[in-house]
Amino acid sequence: MRRLLALLLVLGLGLAQGDKLKACFIYVGPVGDAGWTYAHDVGRKKAEAALPWLETRYVESVPEAQALPVIDRLVREGCRVIFATSFGYGEAVLEAAKKYPDVLFAHATGIKRAPNVATYMADFYQVYYLNGLAAGALTKTGKVGYVAAFPIPEVKRHINAFALGVRAVNPKAQVLVRWINAWYDPAKAREATEALLSQGADVFAFTEDTPTVIQTAARKGAYSFGHYTPMLKFAPDHVVSGQIVHWEVIYVDFLKKVKEGIYTPKNLQNVDYFWLLQHGAVEMGADYGVPINPKLAPLLKQAQMSVGGKKVAVYDRIMSLLEAMKRPNPTFDPFTGPLRDRKGVERIPAGRKASLEELLTLEWAAPGVVGDWPGEPK
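The structure contained in this document is the topic of the report that follows. (Residues numbered from 1 in each chain as written. Predicted model: local features only at pLDDT ≥ 70, side-chain atom pairs only at ≥ 80, totals over all residues. Heavy atoms only, no water.)

1. Describing the sheet that holds strand E6 (residues 143–148)
For clarity, the threshold we go by: Two strands qualify as a pair provided DSSP detects at least 2 bridges between them. Helix and strand definitions here come from DSSP, where helices need a minimum of 4 consecutive H or I residues and strands a minimum of 2 consecutive E residues; each element is numbered from the N-terminal end.
With mixed pairing, seven strands are arranged side by side in an open sheet as E12-E10-E9-E8-E6-E7-E17. Taken across any chain shown, the strands that pair with only one partner, and hence form the sheet edges, are strand E12 (282–284) and strand E17 (369–370). In terms of strand pairing, E6 meets strand E7 (residues 174–179) through six bridges, oriented parallel. Each bridged residue has a counterpart across the sheet, and for Val144 the counterpart in E7 is Val175.

Structure representation (structure tokens):
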């Protein structure tokens, strides 16, 4: 039966048996950005290498407002599966899905679906919490800088998880946030980093698709955490760890299910990947397989924090929670109540973990977050 379904799907996609499935990727930045787009392209290449029946291509540096003409062109060129890799592509994807009901679309970080539109995300909030623990231990000024892209729930979720980690170690520390309103803008990232340094920040995290924050901070001796890809090489003495993505885990799974007839242009309405540490979609690391920079691990082993009334090394706490969140059924989640926002309003009651819906629509700011927060609930 599965082979029959697969054959019908192949025919439905306009393919002859033996032809390759053509999947195409739309990138918001250049493939050489060292961050978000580079990571997606690594995932594309790994998927193509793993699936001999797959053919891929990509279009880079597509402004979010100009996605629809690019999709039109890709469909004309025979793309039967299209991955749109930026939140701002959402409306174009939904419009294109109506124009091309036989094409399968998958929208990264998206929240709206349709019969032929799935959504997917390899999310970092667990890793951000762990890196927040390290940041809280390493800051000497009690001020941690965060250079943020756009004030959307995804970025806010990550900042909050990071801040919760910082505060778990250093209850009086602040996370100073500056928005640059860009995914890829090295000049703005450098300017924001320099401004935060002048405010006293001595540890940095960020959402921007280049190593600019790391390089700028390192010149002043400040520690930092990489984003999306291994960034240890850009500042070997100052990169503590980071968030590393494995998009290929999602791409291979999705495309296999297309090939096998499990996913069709008529049943993606409820397909949403929100894959975490336990799925192998992300890892904590200064480099692949290196959770914490060995040069800086001794500092985290010396630093202590209180857990359940007992003093433990921050390094040990990080590694323990990392393993707990890698399990098929994680035994720890950063967004477990009781949690209040920075205004004192209860957001997650005691004993309950935030739902996926709450995570995807998160707008509140965690205690310790300092700075403008567009869309903050009153």
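2. Let's talk about the state of the cysteines
Condition: Any two cysteine sulfur atoms lying within 2.5 Å of each other are counted as a disulfide. Classification of residues uses two cut-offs on accessible area relative to the type maximum, computed with a 1.4 Å probe and protein chains only: under 20% is buried, over 50% is exposed, and between them is partly exposed.
Here the structure, examined in full by the defined rule, presents one disulfide. A sulfur-sulfur separation of 1.9 Å characterises the disulfide bridge that pairs Cys24 with Cys79. Taking the sign of the torsion about the S-S bond as the criterion, the disulfide between Cys24 and Cys79, at about -70 degrees, is left-handed. Here the residue Cys24 occupies a position in strand E1 (residues 21–26), and Cys79 occupies one in the loop between helix H3 (67–76) and strand E3 (81–84), the gap between them amounting to 55 residues. Cys79 gets classed as buried once you look at its relative accessible area, which sits at 0%.

3. Looking at the sheet that holds strand E2 (residues 54–59)
Our working rule: Fitted lines through C-alpha atoms serve as axes, helices being fitted only where they are in contact, and the angles separating the N-to-C directions of these axes extend from 0 to 180 degrees. Whether two residues are in contact is decided by their heavy atoms, any of which lying within 4.5 Å being enough.
A sheet is described by the order of its strands in space; here six strands give the open sequence E2-E1-E3-E4-E5-E11, paired in parallel fashion. With one partner strand each, in any of the chains shown, E2 and strand E11 (272–275) form the two edges of the open sheet. Within this sheet the neighbouring strands show an average axis-to-axis angle of 20 degrees, counted without direction. Across four bridges, the pairing between strand E5 (residues 117–122) and E11 is parallel. The residue of E11 that forms the bridge with Met121 is Phe274. On top of the sheet, helix H2 (residues 36–50) reaches E1, E2, strand E4 (104–108) and E5; it is set at about 160 degrees to E2, its chief contact. Sheet strands in contact with helix H4 (residues 90–99) are E3, E4 and E5, and its direction is about 170 degrees off that of E4.

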